[in-house]
Amino acid sequence: MSLQESAQNLIKELNESAPYLSYAARFASFKGFRYDKKHIAACSSDALSHAGFYSTATKKNPTSAKCPFCTLELTFAENDDPWELHKAARPNCDYVMIGRPDDTTLSLRTIVALALRCATVAEYEKMFKMFKVFEEYNPRIHSTAIRAQATAEAIGFRDSTMLLIADHRFKTFDYTVRGFRKPTPSILKRLAKAGWCSAATNCSHLSVKCPFCFSAVTFSETDDFWEEHKRIAPDCDFVKLDKPKEADWTDDEGLMLAVRISIMNKYETKQKILDQLEDDEEVEKLTEQLSRMMAKPRFLRRRCSV
Ligand SMILES: [Zn+2]
Ligand SMILES: [Zn+2]
């Protein structure tokens, strides 16, 4: 497969696993939106999509919308400014932090980071629903097939997110390479607690990788592993949560981190394609294509079917 084909596949897959990443997908979700019928409404479907929201309207709540990057869900009034409300409620949302895509030139890495965030949130919501099946399971109402499917999914999910737990990260430091002094268990425990797992090479036992952000680094024994993680990868989800001890996590925080690992795993090979692309002149064409997808089309027609 040529690099160009890989790039096209990458875009396609990002779009599929990150629903509502594009302006067009968000805009399409507001078809027949109530405030669009009023010419002066500030809170139009265009303004909402532009501010990052997609419609979660129900009969009871026809003007609710949600951000696919941070899960903020609001019910909007006619004169609300969706961008200002988004900014005020979630200043740290990845979408808010980049500024409106139309006003900014986004780099390929920024767009892919947004797509990964969107995919993480989508997976989180899927898993959240699945765990609800266990909580609310009632054999008189639900079929056993639903529970069996949820169990299978939960096992698969747990297996693919083992590195969530410091003890499991610690177990990755399995030294079989001879000729090097093995670091003491207390050093390895400190590494695991700071989010790192082994990426040991023949040259160094202290080469490590973070399963949450894929940062890779080679430490010396005297480094402060947690402080270095914060310095190297301030955007890493594990770093941003700032609770290295699992016991301090809420259920939601734990689930979000677990989902992050599973999404990062899925995209590991694609990250490599991305690294290659950055050294290639094709990158400009690709970035342009992705930027167009993120921004509002120049000629916007209401209720277009995208
Ligand atoms: Zn948001
Ligand atoms: Zn990290």
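Numbers given to residues run from 1 along each chain, matching the order in which its sequence is written. Chains and ligands are labelled by the order in which they are written, letters from A for the one and numbers from 1 for the other. Reporting in this predicted model follows two pLDDT cut-offs: at least 70 for local features of residues, and 80 or more for side-chain atom pairs to be given and counted; totals over whole chains, interfaces and linings ignore these cut-offs and use all residues.

For the purposes of this entry, the term helix denotes a DSSP run of H or I that reaches at least four residues, the term strand denotes a run of E that reaches at least two, and both are numbered from the N terminus. When helices and strands are counted, the protein chain shows 14 helices and 6 strands. When its C-alpha atoms are laid out on the principal axes, the protein chain stretches across 75 × 60 × 40 Å. Among the 306 residues that make up the protein chain, the fraction classed as buried is 30%. Counting contacts in the protein chain only where the partners sit at least 6 residues apart, residues at least 24 apart contribute 57% of the total. Think of it as a crowd count around each C-beta: if 20 or more other C-beta atoms lie within 10 Å the residue is buried, if 12 or fewer it is exposed, and in between it is partly exposed, with C-beta placed from the backbone throughout. Contacts here follow a simple rule: the backbone-placed C-beta atoms of the two residues must lie within 7 Å.

The next thing to look at is the nonpolar core. Ranked by size, the top nonpolar core spans 64 residues in total, and within it Ala-115, Cys-118 and Trp-196 carry the most contacts. Mapped onto this core, the elements with two or more residues apiece are helix 1 (3-17), helix 2 (23-29), helix 5 (94-98), helix 6 (108-136), helix 9 (185-193), helix 11 (237-241), helix 12 (251-266) and helix 14 (283-294). The domain boundaries here were taken from an automatic or database domain assignment. Each of domain 1 (3-110 + 279-294) and domain 2 (164-266) accounts for three or more of the residues forming this core. Apart from the residues within four sequence positions on either side, Cys-118 is in contact with Ala-18, Tyr-20, Leu-21, Pro-68 and Phe-69. For the purposes of this analysis, a nonpolar core is taken to be any set of buried Ala, Val, Leu, Ile, Met, Phe, Trp, Tyr and Cys residues that are connected through C-beta atoms within 7 Å.

This paragraph deals with the sheet that holds strand 2 (residues 64-66). The 3 strands lie next to each other as 1-2-3, forming an open sheet whose pairing is antiparallel. Looking at which strands have only one partner, the edges of the open sheet turn out to be strand 1 (54-55) and strand 3 (73-75). Here the rule is simple: two strands pair whenever DSSP picks up at least two bridges between them. Pairing of strand 1 with strand 2 involves 2 bridges; the strand directions are antiparallel. Within strand 2, the residue paired with Tyr-54 across the bridge is Lys-66.

As a further point, take unusual backbone geometry. One non-glycine residue, Thr-71, lies in positive phi territory at about 70°. Locating Thr-71 in the fold gives a position in the loop between strand 2 and strand 3. Phi at Asp-242 is positive, roughly 60°, even though this residue is not glycine. Along the chain, Asp-242 turns up in the loop between helix 11 and helix 12. The exposure class assigned to Asp-242 is exposed, which follows from the 9 C-beta atoms found within 10 Å.

The next thing to look at is helix 14. In a helix, the anticipated span is given by 1.5 Å times the number of residues less one. When the terminal C-alpha atoms of helix 14 are compared, their 16 Å separation across 12 residues agrees well with the 16 Å that a helix rising 1.5 Å per residue should span. The elements touched by buried residues of helix 14 are helix 1, helix 2, helix 6 and helix 13 (268-278).

Our focus in this paragraph is the domain arrangement of the protein chain. Assigned domains within the protein chain: domain 1 (3-110 + 279-294) and domain 2 (164-266). The gap between the C-alpha centroids of domain 1 and domain 2 is 33 Å.

Bringing the sheet that holds strand 4 (residues 197-198) into the picture now. If you walk across this open sheet you meet the 3 strands as 4-5-6, and the pairing is antiparallel. Both outer strands of the open sheet, strand 4 and strand 6 (216-218), are each paired with one neighbouring strand and no more. In this sheet, strand 5 (residues 207-209) lies alongside strand 4 in antiparallel orientation, the contact comprising 2 bridges. Counted as the bridge partner of Cys-197 is Lys-209 from strand 5.

Where helices are involved, their axes are fitted lines through C-alpha atoms of the stretch in contact, as for all axes, and angles between N-to-C directions lie from 0 to 180°. Here helix 6 crosses helix 12 at 125°, and the two axes come no closer than 9 Å. Considering their axes alone, helix 6 and helix 12 lie oblique with respect to each other. Two packed elements cross with a definite hand, and for helix 6 against helix 12 that hand is right-handed. The segment helix 6 lies against helix 12, with Leu-116, Ala-119, Thr-120, Glu-123, Tyr-124, Met-127 and Phe-128 engaging Leu-255, Met-256, Val-259, Arg-260, Ser-262 and Ile-263. Note on residue classes: Ala, Val, Leu, Ile, Met, Phe, Trp, Tyr, Cys and Pro are nonpolar, Asp, Glu, Lys and Arg are charged, and everything else, Gly too, is polar. A per-class count over the contact of helix 6 with helix 12 returns 9 nonpolar, 2 polar and 2 charged. Angular relationships are summarised with four words: roughly parallel below 35 degrees, roughly antiparallel beyond 145, roughly perpendicular across 65 to 115, and oblique for the angles in between. The crossing is said to be left-handed when, going from far helix to near helix, the turn is anticlockwise and less than a right angle, and right-handed when the turn is clockwise.

Moving on, we come to the environment of Thr-105. Mapping Thr-105 onto the fold places it in the loop between helix 5 and helix 6. Note on Thr-105: 9 C-beta atoms within 10 Å, which makes it exposed. Separated by 182 residues in sequence, Thr-105 and Thr-287 have C-alpha atoms that sit 9.4 Å apart.

As a further point, take helix 12. Residues that lie three or four places apart on an α-helix share one face, since the helix turns once every 3.6 residues. Between its first and last C-alpha atoms helix 12 spans 23 Å; for 16 residues at 1.5 Å apiece the expected length is 22 Å, and the two agree. The set of residues buried in helix 12 consists of Met-256, Leu-257, Ala-258, Val-259, Arg-260, Ile-261, Ser-262, Ile-263 and Met-264. Looking at the buried positions of helix 12, the neighbouring elements they touch are helix 6, helix 7 (144-160), helix 11 and helix 13.

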